[in-house]
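Overview (structure and organization)
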Amino acid sequence: MTPVVVLTIAGSDSGGGAGIQADLKTFAALGVFGASVITAVTAQNTTGVRAVHPVPAGVVAEQLDAVLDDLPVAAVKVGMIGDPEVAEVIAARVDRFPHLVVDPVLIATSGSPLSNVAAVRPLLAYPSVVTPNRHEAGALLGRRVTTTEEMAEAAANLAAVGPGTVVVTGSETGVDALRHDGATTLLRGEPVDTVHNHGSGCTFSSAIAAGLALGDPVPVAVRKAKRYVTEALSGGRLWRLGAGPGPLDHFGWG
């Protein structure tokens, strides 16, 4: 049987824990075929980002057209954008995406900046599932988002910008705020006691894209993705890969 194709548009993580690498691992683990468009090459490991080298917008466009012209893409996940021109490239092709999931990657787990609000905000106007963590939601709204109540309010405010769904994640608490079809739902789970969470946001958004590509309604895809990330965090909690926050166990090795 021919597999379902999901495309990730994101940056490359040389440490293998986040970005394109985390997305493709998630796709493989969830049974879809992953294609990729690279927006930036980063030199990073578990301790931090040493360098970021953006890919020119024209080259991003060529990669994107090459994939869309040939493969039957069923969903698209957008991660690190870096440059507003890249956002324009993506927006110009958004009508070719059956499902769009936007993970507004602004800051790496290590605290290093990877993108800016100006590069992300234009994509909020299009039908999509947007998955900021509470810090990214705060940056997009220009205020602090800390409590569960503020997460729910942020999800509603961001959803009002466009016709999409917003999930504000609070992975360290196990509670996420989902705004879908005009209603806000708090998704409660068990927090995983681990420092090894590098790539958890990438993994969550990629898992949602995989679920949508396989035909799940948005709320079902979000809940399945939440369970998958929880299991992946739990599986890697005792790993010792690198000196800083390590990656998730995408394949259940733990």
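A brief structural summary.

Take the pattern of salt bridges next. The final tally for this structure, using the stated rule, is seven salt bridges. Ionic pairing is found between Asp 69 and Arg 96, a salt bridge with its closest N-O pair at 2.9 Å. In this pair, Asp 69 is assigned in the loop between helix H2 (57-68) and strand E4 (73-78) and Arg 96 in the loop between helix H3 (84-91) and strand E5 (100-102), connecting sequence segments 27 residues apart. Its relative accessible area of 58% is what places Asp 69 among the exposed residues. Its salt-bridge partner being Lys 224, residue Asp 216 comes within 3.2 Å of it at the nearest N-O pair. Asp 216 gets classed as buried once you look at its relative accessible area, which sits at 18%. Overlapping salt bridges bring together Asp 65, Asp 69, Arg 93 and Arg 96 as one network.

Time to look at the nonpolar core. Leu 7, Ile 9, Leu 64, Val 76, Val 78, Phe 97 and Val 168 are the most contacted members of the largest nonpolar core, which totals 44 residues. The next biggest cluster of nonpolar side chains, apart from the first, holds 26 residues, and it includes Ala 74, Val 167, Ala 213 and Ala 225.

Moving on to the sheet that holds strand E2 (residues 33-45). Spatially, E3-E2-E1-E4-E5-E6-E7-E8-E9 is the arrangement adopted by the nine strands of the open sheet, whose pairing is mixed. Looking along the sheet, the strands with just one partner apiece sit at the ends: strand E3 (48-54) and strand E9 (183-188). Pairing between E5 and strand E6 (residues 129-130): two bridges, direction parallel. Bridge assignment links Val 102 to a residue of E6, and that residue is Val 130. Against the sheet, helix H1 (residues 19-29) touches strand E1 (5-13), E2 and E4, its axis set at about 150 degrees to E1. Contacts from helix H8 (residues 218-235) reach E6, strand E7 (165-170), strand E8 (175-180) and E9 within the one sheet, and its direction differs from that of E8 by about 165 degrees.

On to the environment of Lys 226. For Lys 226, the location among the structural elements is in helix H8. Taking the C-alpha atoms as reference points, Lys 226 and Gly 189, separated by 37 residues in sequence, lie 8.3 Å from one another. Among all residues touching Lys 226, those that are not within four sequence positions of it are Gly 174, Val 175, Asp 176, Leu 187, Arg 188, Gly 189 and Phe 204. At 3.0 Å, the side chain of Lys 226 and the side chain of Asp 176 are in polar contact.

A few words on the environment of Leu 212. Along the chain, the position of Leu 212 falls in helix H7 (residues 200-213). Remark: the alpha-carbon pair of Leu 212 and His 99, spanning 113 residues in sequence, is separated by 6.9 Å. Dropping the residues within four chain positions of it, Leu 212 is found in contact with His 99, Val 101, Val 129, Pro 217, Val 218 and Ala 221.

Each value, and the rule that gives it
Residues numbered from 1 in each chain as written. Predicted model: local features only at pLDDT ≥ 70, side-chain atom pairs only at ≥ 80, totals over all residues. Heavy atoms only, no water. Salt bridge = Lys/Arg side-chain N within 4 Å of Asp/Glu carboxyl O. Helix = DSSP H or I, 4+ residues; strand = E, 2+ residues; numbered from the N terminus. Buried < 20%, exposed > 50% of the residue type's maximum accessible area, 1.4 Å probe, protein only. Core = buried A, V, L, I, M, F, W, Y, C linked by side-chain atoms within 4.5 Å. Pairing = 2+ DSSP bridges. Contact = heavy atoms within 4.5 Å. Axes fitted to C-alpha atoms, helices over the stretch in contact; angles between N-to-C directions. Polar contact = N/O pair within 3.5 Å; in protein donor to acceptor, adjacent residues only side chain to side chain.

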